[in-house]
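Coordinates in review
Read off the chains here:
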Amino acid sequence: MSDTTGSVYLLARGGSERDRLNAQQKTVRKCVYDDRILNDDTVLLQPGCRILDSATGSGAWLIDAAQEVPEGAELYGADISDKSFPPPNDVPSNAHFSVAPATALPHEWDGYFDVVHQRYVANALRASDWKTALSEFHRVLKPGGALQLVEIDFRYPTSVGPTMKKYEELQRSVRNSTGVPVDAASHLGAWAEEAGFVNVMAQKKYVPVSKKWGEIGQRGFDAHMGALRNLTQGYLKAGFIQSGEEYSALLDDVEKEWDEFGVRYTIWVVCARKP
Ligand SMILES: C[S@@+](CC[C@H](N)C(=O)[O-])C[C@H]1O[C@@H](n2cnc3c(N)ncnc32)[C@H](O)[C@@H]1O
């Protein structure tokens, strides 16, 4: 279940997953980031600042951020795999991409960054990986540097129907096998404090994933249901499902219940500082 760097990751990479991540940035920016790139108003980016986006995927957040940073700012996207990295023509001149797991960032990045951002990798990290990653983020930040983590709480915040319950059972067996906690997002504030961060602020936001919520709900739906569908090959390979058709039929029913119940996913935004 683990790859050579110790990460547990079942979601597809590249191709349609890259497109999904890029589209998702617009929805998340609106619902979670109050239409900005960072939630903490006290983070004042200076000319020449350095920003790391760990588990960057397609670099969707990083490329968006590159439009809004001051003169001379440098942006670094790191990921355990380069498969979803943007094509070279789409990389802004002030952005750099490299392969590095969140749990083992390069030694030359000691005290290098003003900001570390990481989003939506909670389905790949066990509690022990989170603790290692947080101490890496602490190491690579300058004193006074800012951390922002944005993660999904995989427990449904609203009442669930029979098919969603069935899907949750599948999720439970995946998590029992991978050791990835369902509620990691809700512990990030406490884990950040344990890693030595101060001024930790943990805030809940919501991404609607149902037509009931209008256009934004439809976009949230596309992002989240797209992820569940892009898990098909990973689940098949790991033996969590026996047939892609059966899994697809289950998701068709989940879709109907999301619409019926007006489901929203809870997202935790954790902002903190290195002292
Ligand atoms: C769902 S994508 C999110 C990408 C991006 N953060 C975003 O929000 O658009 C998760 C990414 O985490 C990466 N990943 C998985 N395990 C990782 C690890 N241990 N360290 C760094 N990246 C990891 C995957 O390769 C994938 O690109």
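The protein chain is annotated in an unreviewed UniProt entry as S-adenosyl-L-methionine-dependent methyltransferase of Schizopora paradoxa.

Before going further, it helps to spend a moment on the packing of aromatic side chains. All chains considered together, the criterion is met by 11 aromatic pairs. Seen from their ring centres, Tyr167 and Tyr247 are 6.3 Å apart, and the 35° between their planes marks the pair as tilted. On the criterion of sequence distance, the pair formed by Tyr167 in helix α4 (residues 162-178) and Tyr247 in helix α8 (residues 244-261) is long-range, its members being 80 residues apart. A relative accessible area of 2% means that Tyr167 is categorised as buried. Residue Tyr247 is classed as buried on the basis of its relative accessible area, which comes to 2%. Considering the side-chain rings of Tyr235 and Phe240, the 5.9 Å spacing of their centres and the 85° angle between planes classify their relative orientation as edge-to-face. Across the pair, Phe240 and Tyr235 agree in class, each one buried. Joined through ring pairs, the aromatic side chains of Tyr76, Trp109, Tyr112 and Phe113 make up one cluster. The lysine or arginine in question, Arg175, covers the ring of Phe154, its NZ or CZ lying 4.6 Å from the ring centre. Positioned over the ring face of Phe221 is Lys211, at 5.8 Å from the centre of the ring.

Across the chain, the bulk of peptide bonds are trans and the bulk of non-glycine residues have phi less than zero. Positive phi outside glycine occurs at Asp34, with the angle close to 50°. Its place among the elements puts Asp34 in the loop between α1 (15-31) and β1 (50-54). When its relative accessible area of 40% is taken as the criterion, Asp34 is described as partly exposed. For Asp35, which is not glycine, the phi torsion reads 60° and is therefore positive. For Asp35, the position within the fold is in the loop between α1 and β1.

The next thing to look at is α1. With 17 residues, α1 extends 25 Å from end C-alpha to end C-alpha; this agrees with the ideal 24 Å at 1.5 Å per step. Most pronounced at Gln25, the bend in α1 amounts to some 25°. Here α1 has its buried residues at Glu17, Arg20, Leu21, Gln24, Gln25, Thr27, Val28, Arg29 and Cys31. In this structure, the buried side of α1 is in contact with α2 (60-66), β4 (113-119), β6 (198-208) and α6 (214-229).

Right, let's talk about the pairing of β1 for a bit. The two faces of a sheet get side chains in turn, since along a regular strand they alternate between them. Of all 5 residues that make up β1, 4 are buried, and the element is covered over most of its length. When β1 meets β4, the two strands line up parallel, connected through 4 bridges. Pairing of Asp53 across the sheet is with His117, part of β4.

Under the criterion given, the structure shown has 18 salt bridges. Across the pair Asp253 and Lys256 runs a salt bridge, and its minimum N-O distance is 3.3 Å. In this pair, Asp253 and Lys256 both sit in helix α8, 3 residues apart, roughly one turn of the helix. A single salt-bridge network, built from bridges that share partners, covers Arg29, Asp35, Asp64 and Glu68.

Once that is clear, we can look at the UniProt feature "domain: Methyltransferase" (unreviewed entry) in the protein chain. Following the UniProt record, the feature "domain: Methyltransferase" (unreviewed entry) maps to residues 51-145 here. The distance from the first to the last C-alpha atom of residues 51-145 is 10 Å, and the span holds 22% helix and 28% strand.

Glancing now at the packing of helix α3 (residues 127-140) against helix α5 (residues 184-194). Close contact between α3 and α5 brings their axes to 10 Å; oriented N to C, the two are set at 40°. One finds that α3 runs oblique with respect to α5. As α3 runs across α5, the sense of the crossing is right-handed. Of the residues in α5, those touching α3 at Ala127, Trp130, Lys131 and Leu134 are Ala184, Leu188, Trp191, Ala192 and Glu194. Looking at the contact of α3 with α5 residue by residue, the classes come out as 7 nonpolar, no polar and 2 charged.

Moving on, we get to the environment of Ala65. Here Ala65 shows up in helix α2. Taking C-alpha positions, Ala65 is 26 Å from Phe154, a pair spaced 89 residues apart along the chain.

Sheets are built from strands paired through backbone hydrogen bonds, the pairs being either parallel or antiparallel. What the 7 strands build is an open sheet, ordered β3-β2-β1-β4-β5-β7-β6; its pairing is mixed. With one partner strand each, in any of the chains shown, β3 (95-99) and β6 form the two edges of the open sheet. Sheet twist, expressed as the average angle between the axes of neighbouring strands with direction ignored, equals 15°. Contacting β1, β4 and β5 (141-153), α3 runs over the sheet at an angle of about 150° to β5. Of the strands in this sheet, β5, β6 and β7 (264-273) touch α6, which is tilted by about 105° from β6.

Calculation notes
- In every chain, residue numbers begin from 1 and rise along the written sequence.
- In view of the model being predicted, local features appear only for residues whose pLDDT reaches at least 70, and side-chain atom pairs are presented and counted only at 80 or more, with totals across whole chains, interfaces and linings using the full set of residues.
- Excluded from the side-chain calculations are hydrogens and water; all other atoms, namely the structure's heavy atoms, are used.
- Between rings of Phe, Tyr and Trp, where Trp is taken as its six-membered ring, a pair exists when centres lie within 6.5 Å; planes separated by under 30 degrees are stacked, by over 60 edge-to-face, and by other angles tilted.
- Numbering goes from the N terminus for both helices and strands, where a helix is a DSSP run of H or I of at least four residues and a strand is a run of E of at least two.
- A simple rule labels every residue: compare its accessible area, found with a 1.4 Å probe on the protein chains alone, to the largest value its type can have, and call it buried under 20%, exposed over 50%, or partly exposed in between.
- In this scheme, Lys NZ or Arg CZ marks a charge over a ring once it lies within 6 Å of the ring centre and within 35 degrees of the ring normal.
- The length a helix should cover is 1.5 Å for every residue beyond the first.
- Across the chain, bend at a residue is computed as the angle between axes fitted to the seven residues ending at that point and the seven starting from it.
- For this analysis, residues touch if any pair of their heavy atoms sits within 4.5 Å.
- For two strands to pair, DSSP has to find at least two bridges joining them.
- The salt bridge criterion pairs a side-chain nitrogen of Lys or Arg with a carboxyl oxygen of Asp or Glu, the two atoms within 4 Å.
- UniProt positions are given in the numbering used here, feature names are shortened, and annotations may be inferred rather than shown by experiment.
- The angle between two axes is taken between their N-to-C directions and runs from 0 to 180 degrees, where each axis is a line fitted to C-alpha atoms and a helix contributes only its stretch in contact.
- For this classification, under 35 degrees means roughly parallel, over 145 means roughly antiparallel, 65 to 115 means roughly perpendicular, and everything else is oblique.
- When the near helix sits turned anticlockwise from the far one by under a right angle, the crossing is termed left-handed; a clockwise turn instead gives a right-handed crossing.
- The residue classification treats Ala, Val, Leu, Ile, Met, Phe, Trp, Tyr, Cys and Pro as nonpolar and Asp, Glu, Lys and Arg as charged. All others, Gly included, are polar.

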